Amino acid sequence: MIRQTLEGGSRLARASIAGNAVGTVLWSTAVEAGLSAVLLADPAAYMVVRVAGGLVLIVLGIGTLRSTHGANDAARGGGGGRRLTDGAAGQE
């Protein structure tokens, strides 16, 4: 929440809070529907959920690293997404 507020202001923080609330409601609904019992009874289904969650975390981590890398390049005066030929003699 703090990161969202610092990076995107109160609008992004509110969106993040809403996303957390929706996730909590969905998880509560799934528990009431008996999903946790299915996951406990079927190890393969539990493994699918674990792998899917891990993949989501990897994708989010890569996105964060890429955005941080671009921000660091811009802060140092780099171009972020510049091509090797940008600024070369005769290419300006």
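What counts as what
- Residues numbered from 1 in each chain as written.
- Predicted model: local features only at pLDDT ≥ 70, side-chain atom pairs only at ≥ 80, totals over all residues.
- Heavy atoms only, no water.
- Helix = DSSP H or I, 4+ residues; strand = E, 2+ residues; numbered from the N terminus.
- Buried < 20%, exposed > 50% of the residue type's maximum accessible area, 1.4 Å probe, protein only.
- Areas by Shrake-Rupley, 256 points an atom, 1.4 Å probe, with all protein chains shown as cover.
- Patch = residues over 30% accessible without salt bridge, like charges linked within 9 Å, V, L, I, M, F, W, Y side chains within 5 Å.
- Salt bridge = Lys/Arg side-chain N within 4 Å of Asp/Glu carboxyl O.
- Expected span 1.5 Å × (residues − 1).
- Bend = angle between axes of the 7 residues up to and from the residue.
- Contact = heavy atoms within 4.5 Å.
- pLDDT = per-residue confidence, 0-100.

(A) Main features of the overall build of the protein. Scanning the protein from N- to C-terminus turns up 3 helices and 0 strands. Along the chain direction, N to C, the helices and strands of the protein fall in the order α-α-α. Scored against the burial criterion, the 92 residues of the protein give a buried share of 5%. Carbon and sulfur atoms provide 65% of the accessible area of the protein, an area that totals close to 7600 Å².

(B) Inspection of a nonpolar patch on the surface at higher detail. Taken together, the side chains of Met 47, Val 51, Leu 55, Ile 58 and Ile 62 present a nonpolar region at the surface, about 460 Å² in accessible area. Its place among the elements puts Met 47 in helix α3 (residues 43-75).

(C) Quick peek at helix α1 (residues 2-32). Between its terminal C-alpha atoms α1 stretches only 31 Å, short of the 45 Å expected from 31 residues at 1.5 Å a residue. At Gly 8, α1 shows its maximal kink, close to 140 degrees. Regarding α1, the residues found buried are Ala 13, Ser 16 and Ala 30. Against α2 (35-41) lie the buried residues of α1. A positive backbone phi angle near 95 degrees is found at Gly 34, which sits one or two residues after α1.

(D) The arrangement of the confidence of the model for the protein in detail. Predicted confidence across the protein gives a mean pLDDT of 80, with 73% of residues reaching 70 or more. When pLDDT is averaged over each helix and strand of the protein, the minimum, 85, is found for α3 and the maximum, 87, for α2.

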